[in-house]
Each structure stands twice: as C-alpha cells, then as structure tokens.
Amino acid sequence: MSSTSETIQSLSGFVWSIAEILRGDFKQSEYGKVVLPFVVLRRLDCLLEDSKEAVLEASKGIPDGADDATRDMILFGAVGGNVRVYNKSRFTFETLKGQDPGQLHQNLVDYITKFSPNVRDIFLDKFRFTEQLKRLKDSGILWNVFERFCEIDLHPKSVTNLEMGYLFEELIRRFSEISNETAGEHFTPREVIRLIVDLLIANDDTKLTGRGIIRQVYDPACGTGGMLSLTEEALKDFNPSIRVELFGQELNDESFGICKSDMLVTGHDPEQIAFGNTLTQDAHSGRKFHYMLSNPPYGVDWKKYKEPIQSESENMGFEGRFGAGTPRVSDGQLLFLQHMLSKMRDDEDGSRVGIVMNGSPLFTGGAQSGESEIRRWMLENDLVEAIVALPTDLFYNTGIQTYVWLLTNRKPSNRLGKVQLIDASGEQFWSGLRKSLGSKRREIPEAARTQVVRLYAEFLNGESGEGDVSKIFDTEDFGYREIRVERPLRLNFCVSEDRIDGLSEYAQFARLGTEEQAIILNAIQSIGTQLFTERDAFKKALKKALRAGGADVGQAVLKAILNALSKRDPEAEICSDSRGNPEPDPDLRDYERVPLKQHWQEYLEQEVTPFVPDAWVDETYVDSRDKRVGRLGYEINFNKYFYQRMPPRSLGEIDRDLDKMESWIASVLNEVAA
C-alpha cells in the first residue's frame, strides 16, 4: 500500500496545482466543479485510447435505423473488456493539443457530447460541465487548464482502478476542506466508513472464504460512493477472488455524477448507481443485498414527500417498505433504515446493515409514536445486533453525537434476543486533529477502531479491560408500558363572590338572557356562604335553591354552575360517578413507564401506592396492538446505561478557587483605581 499511497499523493498534489490556476476567476468552493469532471474526462480518455480506432471503425458499420441498444452493444464490444463507455468523437486529448487553441472550447464540447449516453448525461446534466468550460474560456484559462491535464497519465496500466478510487476520495477530501459548507453533504470521514465496514464483516469469515463468492453491496444515500468503494476494498483484501457488485442511489446531482463516474473508471456497472429520491422512487425495487450501509441526512424534513410515503405505509404495510410506521416529518432517518431492512435477503446468508444516525432514532417519540413503533418492530423481530456510540466532532459539517447501528436478520445463536451497546465516545477512542476541518476536530485512530471491532466481535459484556464500555442487554430491556395513573377528584363548593363572578366565563351561562341570569344568581345566593366538602350534598342544596327561586335550568347550565362554584380541595370528599366509582381528576393524572419485564400491578404497589395511596391505574388505557393495559413503547437511552457519576468537588477546593477569584478581582479593581 505504500507505493499506492505515494502514487495517490503525487497525483493529487499535481491535480491540486492545476486547481491553483483557477484562483481569482473561481471561488475556492467551485474548484471541485472544474477539476473533478476534468479528472474523470482525462481518465476516460486514457481508458479509451487503445480502442479509439476500433470504435470509429465500428461506428461506420452501424446500420442506419439501428436502435440505441444495438448501437451500444456494437460499440461496447469494440471497446472490449468490461468497460461500458465509448466515445465516437475523432478527438482525444492528444489530438486536441494539436488543434487551434481558439477552437478548444468548441472541440471539447464536441468530444463530450459524443460519449455514450450514460457518460454524456453525467457531464451535461449532473456536472453541468459545458457551463464550466464556457467560464474557463471566458476567463482565458481554458487552454492552461487543459494543457496541464494532458500531462497526467491516468491510463489503467499506470493507475489501477483501486488507485483511481483513492485519487477521487483524496481530491474530494481536499476540496471538502476548502468548502466546508458542502463538505458534509457528500463526504463521510474515511475512518468512520472503515469502522462500519469492519463491523459489518467482523464475523463473516466463513461466509466470505473460498472461490465463486459474490456479494452485493448497497447504499441508498451513496453520495460520492465512498462507503461502497471502501466496502469493496475490505472484501477484496479479505478474499481477492470475491466478486463485489455495488449498488446505490443519490439525490444530489454533483454527488451522483462523481459516484457514477467512479463506477465507470473503476470497472463497475454505472447503471447500478441510480439518480433520484430513494424514499419516493426506489430505483432498486425488488432487489435484495448482502451488505447495506449508509450515512443518511440527519434531521432532514420529508414533509414535501409525505403523501407517497404515508400512502405506502398505510396501504401496503409490510408488503411495502414502511410497514412499521413513519417518524415525524422533521426527520427521515428511520425511513432510510426501514428502506434498507426491506431489502434483506431471505436465504441462509441473510443480510447485514450498518447505518450512521444521530441520537434522535434512539429515543425520540413516546409510546405508540411512529419512532417508538419502528423501534418496537425492529427489537421484537430481533433485527438489532449492536449500537456503537461514536465520539463527537468527527464529521465535517456537524459536531453532534452519532451512533452506528448494526442490524441483521441472521443473528448467531449467542446473540439471539440480545443487543450489544458499545460506548466508543470516550477519550481512548479518539485523537485530536492538529488542524480542524470544518466541524471535524477529532478522528478515530486505527488502534481505537481495532478495539471497537474486538469488543463487538468477541461480544464482550463489560470485560474489555478499558472500563465499562460494552454492555449486553435483552431486547425487552428497552421496552416499557406507559400506564395512566389516576387520582380521585376532590372538590369543595361555596357560593362566594369570586366564584359567582367566574360563572360569566362559562358559555352555557353567558348565552342566557339577562333576566334569566338574574333569577339564577338570586337563587344561588340563597344557599348562603356555607362551605360544602361533598359534591352530592351541594348538588342537592343547589337544585333545591334553583327550584325555590323559580330557575329552570338544563344539565349544561347546571354543570357550568357546579364547575364555577367548585375548587380543588385535597381535604374534601372524593367525587363519584353515577356508578359510585371514584371520578378521576384530570389535573392530577400522571403517566408512569413500567419496565417491560415488570407487571404494572407490582410497579404500582412498589413505586406509586406508598406515596399516593388513593391512586389507581386506568385499565381502559391499553396498547392498540396487544390490547393489554398500558401502551407499549421502546427507547434506547445510552446515557442511562453508561452514566458514570462524577463526585462533587470538595468544599476546600471550591473555597480555594473562590479565594483565587477574589484576589484576581481585587487586583483588577486596584489597576482601575490607579
């Protein structure tokens, strides 16, 4: 790998020097829009150099009226090998050098537009490269840039497909560093990807050994394809004979163009990288994959796509992708995760999924919310294998805490019904960067990555020797039942001036005529100012006073009067309903989370009754699915499981700090006074 590294550093350094020509005419954030397409163009030029004459000759022999498929088949055949790209232009970089520099722009456009449609569309629609060429021409630097690119030898004999992939990644990284506003949109740090890949294949030794092994890898938000290429590299390192097929989908034009170009120049089928919104237009519908990994956007609103997604969830259920439910429209991470789980293989190998998400999918949403129901489905179906908490400040556009979820539908026997949580956020798992790259201030060194993979692969439970950073739980440990705890309504009643004044706020009374209101008020006041602590007794006295005063009121007005003249009183008698059962007080209503492994009655006796003896559980508050008391919910609270209490500072230490602060303040005041 040392020679590969030297090659990449040399090439990227040379390309970077070309980018310097753009200084002044282009913003730094725009360098990549010029340089990356030119690198792709130069690679394709070198790739097709040996077959140029064969393609031109074959093109002459294509019969008039031949359809696109026939034409492509003939010209792909003329190129030979597994390359699925051709160019019918008479130009190459070498022949363009011999043309009139004033015609370079026109000739380059001719060259680009005569690529096979799969490449032409990338340059015209995704890279919008003809626009950049015009800007270069108008700035008077097109020839300078082109001439420098002619000096780079990117022929497959000189730069392998693997090295070409590294070159793309290195250039993307360097352009990301000077364009922080877009870096995080298409670039996941290499060490994070390597960790996910290592975790995905950690226990798959026997499945990946031997000849004739084929593995299909998928990323539904593939960006520039970094996760796909590094997964292939890891699989090839383990088994050089393995065949790896890469699939992806991407919504961003430029990211898609780079990814598809990378597939072209590294010998993959570019048609397996699709453009579009994965959540609404599944370009790989019906396909299943061995490995799936992704870093979907965090906290991205999917409101404008809500209708088709909600429709698929409600109408197709688990025949579609979102059968477990949908999260709140402000965050679509769990939609991507469900989409990936819907593409798990049903054979004995099954599938493995690795996805990076922020903390929201772990705990957002209460019982029976969309998020909780999705977690419930995953845990009850035993799909979650492990979750790893990563250090903060790893990514280029955010410093928030992130987590790697590992899921599979083929758990080994020792992991059945279990979930492993690994807290890899501590200082032993990261090192600081000498220079921050946007929000990225830390990285995961190789030794730390190896340690995390070992914790996972060996299924350790607090036995790492590095502190209590790996714990194993039953899936039920994350579940709870939300029970509704009621307390009785206790009211006193009194015909006082302030309570009578409040009667006018009730619409039922306010709608009455002035004369009718006066009759009612006179009747009420005849009760006197006695304080009643039992509702039925006051109700009898009220009805008697109303009849005696000639006030004929309906139930709605009677209820308004009772409400206006009442006040909560913990010393009053319990109000009962028509059946003699205690009536609950909505203001005292509470909800308790009962661990799934504990019965709610036992919980009530231990945690509620000793403190509020008159409380009871509303047994009509049931789960919509299993119809049992309490609504079922799931959440995974990392802080709860890995909390380490820090002892408070001693009073002596605090006093010493206060003395120092007082001395400093005094010295500052003396300087001011002087």
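A brief structural summary. A quick note: this is a predicted structure, and the numbers were derived from the prediction, not measured.

**Observations concerning the overall build of the protein chain**
In terms of helices and strands, the protein chain carries 28 helices and 17 strands. Counting only C-alpha atoms and orienting by the principal axes, one finds that the protein chain spans roughly 115 × 75 × 70 Å. Taking as baseline every contact in the protein chain between residues at least 6 positions apart, the subset at least 24 positions apart corresponds to 76%. Accessible surface, the protein chain: about 32400 Å² in total, of which carbon and sulfur atoms supply 47%. Of note, the protein chain has its 83 positive side-chain charges centred 2 Å away from the centre of its 107 negative side-chain charges.

**Quick look at helix H14 (residues 226–238)**
Every α-helix carries 3.6 residues per turn, so stepping three or four residues along brings you back to the same face. The terminal C-alpha atoms of H14, which comprises 13 residues, lie 19 Å apart, in line with the 18 Å expected from a rise of 1.5 Å per residue. Of all 13 residues in H14, 10 are buried; the element is thus mostly enclosed. If you check which residues of H14 are buried, you get Gly226, Met227, Leu228, Ser229, Leu230, Thr231, Glu232, Glu233, Ala234 and Leu235.

**Structural notes on the packing of helix H3 (residues 52–60) against helix H4 (residues 68–79)**
At a minimum axis distance of 8 Å, the contact between H3 and H4 shows a crossing angle of 155°. In terms of orientation, H3 and H4 fall into the roughly antiparallel class. Seen along the crossing, H3 lies across H4 with a hand that is right-handed. Residues Ala54, Val55, Ala58 and Ser59 of H3 pack against Ile74, Leu75, Ala78 and Val79 of H4.

**Brief notes about the packing of aromatic side chains**
If you walk through the whole model with that rule in mind, you get 23 aromatic pairs. The structure contains a cluster of three or more aromatic residues connected by ring pairs, namely Phe38, Phe93, Tyr111, Phe115, Phe123, Phe127, Phe129, Trp143, Phe146 and Phe149.

**Regarding a nonpolar patch on the surface**
A surface patch of nonpolar side chains, amounting to about 610 Å² of accessible area, comprises Met661, Trp664, Ile665, Val668, Leu669 and Val672. Within the secondary structure, Ile665 is located in helix H28 (residues 651–673). Classification of Ile665 as partly exposed rests on a relative accessible area of 40%.

**Re the pairing of strand E7 (residues 402–408)**
With 7 of 7 residues buried, E7 is to be regarded as a mostly interior element. Bridge count between strand E5 (residues 352–358) and E7: 7 bridges; the pairing is antiparallel. Bridge assignment links Met357 to a residue of E7, and that residue is Tyr403. Note: strand E6 (residues 384–389) against E7, 5 bridges, orientation antiparallel. Bridge pairing links Ala386 to Leu406 in E7.

**Some details on the sheet that holds strand E1 (residues 214–219)**
Pairing is mixed in the open sheet, where 9 strands are placed in the order E3-E2-E1-E4-E5-E7-E6-E8-E11. Both outer strands of the open sheet, strand E3 (273–275) and strand E11 (470–474), are each paired with one neighbouring strand and no more. Strand-to-strand twist across the sheet, computed as the mean angle between neighbouring axes with direction ignored, equals 15°. By the bridge criterion, 4 bridges tie strand E4 (residues 291–294) to E5 in an arrangement that is parallel.

**Some remarks on the packing of helix H17 (residues 333–341) against helix H19 (residues 370–380)**
One can describe the packing of H17 onto H19 by two numbers: an axis separation of 11 Å at closest approach and a directional angle of 30°. On the basis of the axis angle, H17 is roughly parallel to H19. Relative to H19, H17 is oriented so that their crossing is left-handed. Between H17, through Leu334, Leu337, Gln338 and Leu341, and H19, the contact on the second element is made entirely by Glu371, Ile374, Trp377 and Met378. Residues belonging to the contact of H17 with H19 are distributed by class as follows: 6 nonpolar, 1 polar and 1 charged.

**Remarks on the pattern of salt bridges**
Here the structure, examined in full by the defined rule, presents 47 salt bridges. Note that Arg625 and Glu373 form a salt bridge whose closest N and O atoms lie 3.3 Å from each other. Here the residue Arg625 occupies a position in the loop between strand E16 (616–617) and strand E17 (631–634), and Glu373 occupies one in helix H19, the gap between them amounting to 252 residues. A relative accessible area of 13% means that Glu373 is categorised as buried.

Conventions we followed
- Residues numbered from 1 in each chain as written.
- Predicted model: local features only at pLDDT ≥ 70, side-chain atom pairs only at ≥ 80, totals over all residues.
- Heavy atoms only, no water.
- Helix = DSSP H or I, 4+ residues; strand = E, 2+ residues; numbered from the N terminus.
- Contact = heavy atoms within 4.5 Å.
- Areas by Shrake-Rupley, 256 points an atom, 1.4 Å probe, with all protein chains shown as cover.
- Lys, Arg positive; Asp, Glu negative; His and termini not counted.
- Charge placed at Lys NZ, Arg CZ, Asp CG, Glu CD.
- Expected span 1.5 Å × (residues − 1).
- Buried < 20%, exposed > 50% of the residue type's maximum accessible area, 1.4 Å probe, protein only.
- Axes fitted to C-alpha atoms, helices over the stretch in contact; angles between N-to-C directions.
- Parallel < 35°, antiparallel > 145°, perpendicular 65-115°, else oblique.
- Left-handed = near helix turned anticlockwise from the far one by under 90°.
- Phe/Tyr/Trp six-rings, centres within 6.5 Å; stacked < 30°, edge-to-face > 60°.
- Patch = residues over 30% accessible without salt bridge, like charges linked within 9 Å, V, L, I, M, F, W, Y side chains within 5 Å.
- Salt bridge = Lys/Arg side-chain N within 4 Å of Asp/Glu carboxyl O.
- Pairing = 2+ DSSP bridges.
- Nonpolar A, V, L, I, M, F, W, Y, C, P; charged D, E, K, R; others polar.

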